[in-house]
Amino acid sequence: MASSLTKDSVTPGTPGTEKTFFGHPRGLATLFMTEMWERFSYYGMRALLPLYLVAPGGLGLNAGTATAIYSVYLSLVYLLTMPGGWFGDRVWGPRKTVAIAGGVIMLGHLTLALPSSGTFYAGLGLVAIGSGLLKANISTMVGQLYDGPDDPRRDGGFTVFYMGINLGAFVAPLTIGTIGESVNWHLGFALAAVGMGLGVLQFLIGSRHLAPHSSVVPKPLSAQEKSSTLRKAAFWAALAVVFYAIVGFSGHYTLNWILVPLTLLGVIIPVLVLTNIKRDKSLDRAEQSKMSAYIWFFVAAAVFWMIYDQGGSTLSLFADSSADNSVFGWSFPVSWYQSVNPVIIMALAPVFATLWMALARRGKEPSTVVKFCGGLVLVGASFFLFLAPLGIAEGGHKAAAMWLVAIYFVQTCGELMLSPVGLSVTTKMAPVKYASQMMGVWFLAVTAGDATTGLLSIAGVDLNKTGIVAAEATLAVVAGLAIWMYRKRVKQLMGDVR
């Protein structure tokens, strides 16, 4: 990256005034590389996870249990972004929290690399905890590099940063996936640890280029709050230890004793958080109205992510068992499908951005509501498309790889309509009192969607059956059409937000 650093002419006092990274503060290079390596480790491990869970040389679980574990893991990652943000705001500050998070993630991958089923779940937990801590704070530090929200370079900086996410996500399945599937599962997990280790090392070396206030704790806990927090944490930890000790020693323990509570939390906590904000009497009428509108978007997003995130579980397991994973006679590992989404995002994101700007100039850009509807209809259409390879497999044949590529393509187009808009509308509609928490609330939509998938799998629902896939596809399309039908009401609730 050194070759892209050039002399700068930005305002003195801005972090990284000596050199720039593609015209941005030099600290962006540090955060870009840290996030790229973290996503490399995360998506590489994620591509291997469902395949390892069902493989005879892995844990040898059935597809339903593997999907449940995968879904619970994803829901935890996004659920933990809220306490992750709390640690950054109240305990360590963003910079220290990200450094610690990277170390926890690396330790998690190393634990996954150990050839033991007992340590495997501990490794998953460590990666989820570290990812929640890091995800909640690294974006905050990107924003801190700029001179407030009106800095003209700010949006471009986040665009460069998100390219790092997709670059890491693209390369990971091609490398970690290949090593894990073709050589050794645990070596693949170890390679993910190496990637995160490089990210931590790069972060520590380049942290001098970050904004000075990234190491400041914005709202440090008072001595009384620390004492109260520690007491509560100790109580709940002791309660969990006693409960699971009783279950274990009584001989009743099964994996569902962990999976069911976690999936229920993934559904219940988002509902409680939204209810708590909605019932806050200190919010004025306009803020209450916007929160009512936001609930529509939240539910729509939960349905979207419920289907979309099955690209790494349901679709991956289908590819493993029922697809001809080859192109022109050349076979490739199943995990490579997970590189399709990021490469399409990198190719189409500029196209979508240009399209919206062109339509805006003509006064014809679709509203936020219409874009959300489009995202839901597209993700539903992707599962209607999934019915074709399912039918081929039920006929005793292997489905062509391009069916799966087409499904990922349609899902990614839906993502580009819904995800960036969701992030934007979350910041615009957030009540002032909850401004710093609302991004975590948006991630809870992912938690709710993935937890729902986990609950279905635990209940014994086969997500690779034609009827279930058709039902999910119909749900998404109907949800999209319902929001479109009520779009005037939702726009009215949104007030001045468009």
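If you're wondering where the values come from, they're calculated on a predicted model, not measured in any experiment.

Asker: Tell me about the overall build of the chain, and name the residues and values.
Answerer: From N to C terminus, the chain includes 17 helices and seven strands. In terms of overall dimensions, the chain has C-alpha extents of about 65 × 55 × 55 Å along its principal axes. Looking at the 498 residues of the chain, the share that counts as buried comes to 50%.

Asker: Summarise the packing of aromatic side chains; cite the residues concerned and give the values.
Answerer: Inspection of every chain in the model, using the stated rule, returns 30 aromatic pairs. Each ring, one from W330 and one from F332, has its centre 6.2 Å from the other, and the planes form 40°; the classification is tilted. With a relative accessible area of 49%, W330 lands in the partly exposed category. Overall, the relative accessible area of 13% leaves F332 in the buried class. For the cation-ring pair, K371 lies above W356, with the distance from its terminal atom to the ring centre recorded as 4.4 Å.

Asker: Tell me what's going on with a nonpolar patch on the surface, and back it up with residues and numbers.
Answerer: A cluster of nonpolar residues, W296, W484, M485 and Y486, forms a patch on the protein surface that exposes about 460 Å² of accessible area. Along the chain, the position of Y486 falls in the loop between helix 16 (466–485) and helix 17 (487–494). With a relative accessible area of 46%, Y486 lands in the partly exposed category.

Asker: Provide a residue-level description of the layout of surface pockets, including the pertinent values.
Answerer: As a volume, the second largest pocket reaches approximately 1,100 Å³. In terms of lining, the second largest pocket is formed by 27 residues, of which the most central are L76, I129, A240, L262 and L265. Secondary-structure elements contributing two or more residues to the lining of the second largest pocket are helix 2 (63–79), helix 3 (81–90), helix 5 (117–144), helix 8 (223–249) and helix 9 (256–278). At nine residues, helix 8 tops the list of elements feeding residues into the lining of the second largest pocket. In terms of residue class, the lining of the second largest pocket is made up of 24 nonpolar, two polar and one charged.

Asker: If you had to explain the nonpolar core to someone new, which residues and values would you point to?
Answerer: Residues Y73, Y294, Y337 and L404 are the most contacted members of the largest nonpolar core, which totals 102 residues. It is helix 10 (residues 285–308) that contributes the most residues to this core, 13 residues altogether. Discounting residues that sit within four places of it in the chain, Y337 has contacts with A319, A323, N325, F332, A401, L404, V405 and Y408. One finds L28, V98, V142 and F158 within the second-largest nonpolar core, a separate group that totals 25 residues.

Asker: Hey, could you go over the pattern of salt bridges for me, with residue numbers and the actual values?
Answerer: Should the charged atoms of two oppositely charged side chains come close, the side chains can pair. Overall, the coordinates contain four salt bridges when judged by the stated rule. Where R90 meets E225, a salt bridge forms, and the shortest distance between an N and an O atom there is 2.9 Å. Pair noted here: R90 is in helix 3 and E225 is in helix 8, with a separation of 135 residues, a long-range link.

Asker: Describe helix 1 (residues 27–54), with residues and values.
Answerer: With 28 residues, helix 1 ought to run about 40 Å at 1.5 Å a step, and its terminal C-alpha atoms sit 42 Å apart, in line with that. Where helix 1 bends most, at L48, the angle is about 30°, and the proline P50 comes one to four residues later. Most of helix 1 sits out of view: 26 of its 28 residues are buried.

Asker: Summarise the environment of F170; cite the residues concerned and give the values.
Answerer: Take F170: it is sitting in helix 6 (residues 154–182). The class for F170 is partly exposed, based on a relative accessible area of 25%. Separated by 175 residues in sequence, F170 and I345 have C-alpha atoms that sit 9.9 Å apart.

Asker: How would you summarise the confidence of the model for the chain if you had to cite specific residues and measurements?
Answerer: The share of residues in the chain with pLDDT of 70 or more is 95%, and the mean pLDDT across the chain is 89. Taken together, the stretch residues 1–17 has pLDDT below 50 and engages in 36 contacts with residues farther than four places along the chain or on a different chain.

Asker: An account of unusual backbone geometry is needed here, citing residue identities and associated values.
Answerer: Negative phi is the rule for most residues except glycine; trans is the rule for most peptide bonds. Phi at F328 takes a positive value of approximately 55°, unusual for a residue other than glycine. Note on placement: F328 falls in the loop between strand 5 (326–327) and strand 6 (330–331).

Asker: Residue-level account of the packing of helix 1 against helix 11 (residues 314–322), with values.
Answerer: Running from N to C, helix 1 and helix 11 point in directions that differ by 55°, and their axes come no closer than 10 Å. Relative to helix 11, the element helix 1 lies oblique. Crossing hand, helix 1 versus helix 11: right-handed. Contact residues: P50, L51 and V54 in helix 1; S316, L317 and D320 in helix 11. Looking at the contact of helix 1 with helix 11, its residues break down into four nonpolar, one polar and one charged.

The rules behind these values
- Residues numbered from 1 in each chain as written.
- Predicted model: local features only at pLDDT ≥ 70, side-chain atom pairs only at ≥ 80, totals over all residues.
- Heavy atoms only, no water.
- Helix = DSSP H or I, 4+ residues; strand = E, 2+ residues; numbered from the N terminus.
- Buried < 20%, exposed > 50% of the residue type's maximum accessible area, 1.4 Å probe, protein only.
- Phe/Tyr/Trp six-rings, centres within 6.5 Å; stacked < 30°, edge-to-face > 60°.
- Lys NZ or Arg CZ within 6 Å of the ring centre and 35° of its normal.
- Patch = residues over 30% accessible without salt bridge, like charges linked within 9 Å, V, L, I, M, F, W, Y side chains within 5 Å.
- Areas by Shrake-Rupley, 256 points an atom, 1.4 Å probe, with all protein chains shown as cover.
- Salt bridge = Lys/Arg side-chain N within 4 Å of Asp/Glu carboxyl O.
- 1 Å grid on protein atoms, 1.4 Å probe; cavity = no way out; pocket = protein on both sides within 12 Å on 5 of 7 lines; lining within 4 Å.
- Points joined across faces, edges and corners; volume = space filled by probe spheres on them.
- Nonpolar A, V, L, I, M, F, W, Y, C, P; charged D, E, K, R; others polar.
- Core = buried A, V, L, I, M, F, W, Y, C linked by side-chain atoms within 4.5 Å.
- Contact = heavy atoms within 4.5 Å.
- Expected span 1.5 Å × (residues − 1).
- Bend = angle between axes of the 7 residues up to and from the residue.
- pLDDT = per-residue confidence, 0-100.
- Axes fitted to C-alpha atoms, helices over the stretch in contact; angles between N-to-C directions.
- Parallel < 35°, antiparallel > 145°, perpendicular 65-115°, else oblique.
- Left-handed = near helix turned anticlockwise from the far one by under 90°.

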